[in-house]
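# An overview of the molecular structure
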Amino acid sequence: MTERIFPASQDQLERVQAFIEEELASYPCSPKVKFQLDVAVEEIFVNIAHYAYRPDQQGEATVRCCVGGEPLQVTIQFLDGGKPFNPLAKADPDVTLSAEERQIGGLGILMVKKSMDAVDYTYEDGKNILTIKKNI
């Protein structure tokens, strides 16, 4: 699994997405799958940048990527040393309600869960580890 460490800052998003694109470059990947991965990576990385660390704390995020298996699958892991937070533990928002009636938050991770083939969270050695997998 190839990994890179990025400052946990929203202005690093393009670098994170470029890293994932580099890892996928030699594999057949449809535009739809690329789009779904871009959206998921953006949602997860931006949430780390905004919420994992205190405002006065400069944090970082490790992003790992691996492509392989049968069926061919991309696995992307996001690790941060911020406060423990399992985004999968929160109930999904009720999308049948109007935007005014719905509570704020949760739509992004719902999109990730719906568009990926697997999403998993663990907290190990002081790190949040969110793993997404997508068949390509």
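Keep in mind that this is a model prediction, so the values were computed, not measured. (Residues numbered from 1 in each chain as written. Predicted model: local features only at pLDDT ≥ 70, side-chain atom pairs only at ≥ 80, totals over all residues. Heavy atoms only, no water.)

## Side note on the overall build of the chain
Across its full length, the chain holds three helices and five strands. The helix and strand sequence of the chain, counted from the amino end, reads β-α-α-β-β-α-β-β. Burial analysis of the chain (136 residues in total) assigns 38% to the buried set. Within the chain, contacts between residues at least 6 apart in sequence are counted, and of these 64% link residues at least 24 apart. Counting only carbon and sulfur atoms, one obtains 50% of the accessible surface of the chain, whose full area is about 8100 Å². (Helix = DSSP H or I, 4+ residues; strand = E, 2+ residues; numbered from the N terminus. Buried < 20%, exposed > 50% of the residue type's maximum accessible area, 1.4 Å probe, protein only. Contact = heavy atoms within 4.5 Å. Areas by Shrake-Rupley, 256 points an atom, 1.4 Å probe, with all protein chains shown as cover.)

## A closer look at the sheet that holds strand β3 (residues 73-80)
Strand order across the open sheet formed by five strands is β1-β2-β3-β5-β4, with antiparallel pairing between neighbours. Edge positions in the open sheet fall to β1 (2-7) and β4 (118-124), since each of these has one partner strand only. Neighbour-to-neighbour, the strand axes of this sheet turn through a mean angle of 20°, independent of strand direction. Alignment of β4 against strand β5 (residues 127-135), held across seven bridges, turns out to be antiparallel. Note on β5: the bridge partner recorded for Thr122 is Ile129. Helix-sheet contacts for helix α1 (residues 13-24) involve β1, β2 (60-68) and β3, and the interaxial angle to β1 is about 170°. Strands in contact with helix α2 (residues 31-52) are β1, β2, β3 and β5; relative to β3, the strand with the most contacts, it is inclined by about 5°. (Pairing = 2+ DSSP bridges. Axes fitted to C-alpha atoms, helices over the stretch in contact; angles between N-to-C directions.)

## What about the packing of α1 against α2?
Where α1 meets α2, the closest approach of the two axes is 10 Å, and the angle between their N-to-C directions is 140°. Considering the angle they form, α1 stands oblique to α2. The two elements α1 and α2 meet at a crossing, and its hand is right-handed. Residues Leu13, Val16, Gln17, Ile20, Glu21 and Leu24 of α1 lie in contact with α2, whose contacting residues are Leu37, Asp38, Val41, Glu42, Phe45 and Val46. Of the residues contributing to the contact of α1 with α2, the split by class is eight nonpolar, one polar and three charged. (Parallel < 35°, antiparallel > 145°, perpendicular 65-115°, else oblique. Left-handed = near helix turned anticlockwise from the far one by under 90°. Nonpolar A, V, L, I, M, F, W, Y, C, P; charged D, E, K, R; others polar.)

## Section: the environment of Ile129
Among the secondary structure elements, Ile129 is positioned in strand β5. Sequence separation between Ile129 and Phe78 is 51 residues; the distance between their C-alpha atoms is 5.6 Å. When neighbours within four sequence positions are excluded, Ile129 is seen to be in contact with Gln77, Phe78, Leu79, Asp120, Tyr121, Thr122 and Glu124.

## A look at the nonpolar core
Membership of the largest hydrophobic core comes to 31 residues, with the highest contact counts inside it found for Ile20, Val63, Ile76, Phe78 and Ile132. Breaking this core down by element, the ones donating at least two residues are α1, α2, β2, β3, α3 (107-115) and β5. Residue contacts for Ile20: discarding those within four places in its chain leaves Val41, Val63, Cys65 and Ile76. (Core = buried A, V, L, I, M, F, W, Y, C linked by side-chain atoms within 4.5 Å.)

Don't take any of this as a statement about function, it's just geometry.
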